[in-house]
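Observations on chain architecture
This is what each chain is made of:
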Amino acid sequence: MAESLPDDDLRVGNPERERAITLLNDAFSAGYLEISEFEERSMVAYSARTRGELRGVLAQLPAAEQLFPEVVSRLPAAAPSVLGEVQPMEIAADWTTVRRKGVWRVPARLLVTGSWGTIDLNLVNAEFLAPSVDIELQVSVSTVKVMLGPDHEIDYSGVHATGWSSVKDKAGSPKHPGGQAIRLIGAISGMSGIVIRRR
């Protein structure tokens, strides 16, 4: 039986389901699944509502850890109790535009999901509740705009882009080193785009 993880109850959307289907396709092509099991697991993936349910779809497959790679890469050894205390702020943009600007509180973790949407995150006057923030993206056919302040530092090396998706960094270097650390992680697919600018 698979080990339960602290984020198993976190809801998933179409981008995560599509990623699971892609990984199932890869496993089927490589001979890890018979056609009947591939079809059965695919049906479960399309109806999954939480990360725990989606993880079950990839159980016993070599690619299972690729579904949510950022969780494995950023968890320290004693992370289950730590992660359980940090609930991410969720921002969902399905077929709509969602904006966060002005003075707004940014927790240590944000989960941004969406299909056919636009997410506009203006961090210039934001109040950060931690010295660093992880913004996890799970978007498909969407645009994510990130506006940084003059001293903010950003790392987007943890973003996995597929299907002609791209990251455009128009921000340049911060004016002074040691500013608020912002890390983009997760997956963008289906011609999604991330545009990073600095004010």
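In short, a report on the structure. (Residues numbered from 1 in each chain as written. Predicted model: local features only at pLDDT ≥ 70, side-chain atom pairs only at ≥ 80, totals over all residues. Heavy atoms only, no water.)

**Side note on the packing of aromatic side chains**
In the structure shown here, the tally under the stated rule is two aromatic pairs. Plain terms: the ring middles of Phe-28 and Phe-38 are 5.0 Å apart, the flat faces sit at 25° to each other, and that makes the pair stacked. In this pair, Phe-28 is assigned in helix H1 (residues 14-29) and Phe-38 in helix H2 (residues 35-47), connecting sequence segments 10 residues apart. Among the residues examined, Phe-28 registers a relative accessible area of 32% and is labelled partly exposed. (Phe/Tyr/Trp six-rings, centres within 6.5 Å; stacked < 30°, edge-to-face > 60°. Helix = DSSP H or I, 4+ residues; strand = E, 2+ residues; numbered from the N terminus. Buried < 20%, exposed > 50% of the residue type's maximum accessible area, 1.4 Å probe, protein only.)

**A few points about the nonpolar core**
Ranked by internal contacts, the top residues of the largest apolar core, which has 27 residues, are Leu-123 and Ile-135. Of all the secondary structure elements, the ones that give two or more residues to this core are strand E4 (109-115), strand E5 (118-122), strand E7 (132-140), strand E8 (143-148), strand E9 (153-161), strand E11 (181-189) and strand E12 (193-198). Considering each element in turn, this core owes the most residues, four residues, to E7. If we skip the residues at most four places from it in the chain, Ile-135 touches Leu-110, Val-112, Leu-121, Ile-182, Arg-183, Leu-184 and Ile-185. Ala-45, Ala-48, Val-57 and Ala-63 belong to the second largest nonpolar core, which has 17 residues in total. (Core = buried A, V, L, I, M, F, W, Y, C linked by side-chain atoms within 4.5 Å. Contact = heavy atoms within 4.5 Å.)

**Re H2**
Between its terminal C-alpha atoms H2 stretches 19 Å, which fits the 18 Å expected from 13 residues at 1.5 Å a residue. Looking at H2, one finds that the buried residues are Phe-38, Arg-41, Ser-42 and Ala-45. Buried residues along H2 cover an arc of 105° about the axis, so they all sit on one side. Summarising the geometry of H2, the exposed residues directed more than 90 degrees from the buried face are Glu-40 and Met-43. Considering only its buried residues, H2 is in contact with H1 and helix H3 (51-57). (Expected span 1.5 Å × (residues − 1). Arc of directions from axis to C-beta.)

**Details of the pattern of salt bridges**
A complete count under the given rule lists five salt bridges for this structure. The residue Asp-8 makes a salt bridge to Arg-55 at a minimum N-O spacing of 2.7 Å. Of this pair, Asp-8 sits in the segment before H1 while Arg-55 sits in helix H3, placing them 47 residues apart in sequence. When its relative accessible area of 15% is taken as the criterion, Asp-8 is described as buried. (Salt bridge = Lys/Arg side-chain N within 4 Å of Asp/Glu carboxyl O.)

**Structural notes on the sheet that holds E4**
Note on sheets: strands pair through backbone hydrogen bonds, and any given pair is parallel or antiparallel. Spatial ordering of the open sheet is given by E1-E4-E7-E11-E9, a layout of five strands whose pairing is parallel. At either margin of the open sheet sits one strand with a lone partner, and together these are strand E1 (89-92) and E9. On average, each strand axis in the sheet is inclined to that of its neighbour by 15°, with strand direction left out of account. Across the face of the sheet, H1 comes into contact with E4, E7, E9 and E11 while running at roughly 70° to E7. (Pairing = 2+ DSSP bridges. Axes fitted to C-alpha atoms, helices over the stretch in contact; angles between N-to-C directions.)

**A short note on unusual backbone geometry**
With the exception of glycine, the majority of residues adopt a negative phi angle, and the majority of peptide bonds are in the trans configuration. Of note, Trp-116 is a non-glycine position whose phi angle comes to about 55°, a positive value. Its location among the elements puts Trp-116 in the loop between E4 and E5.

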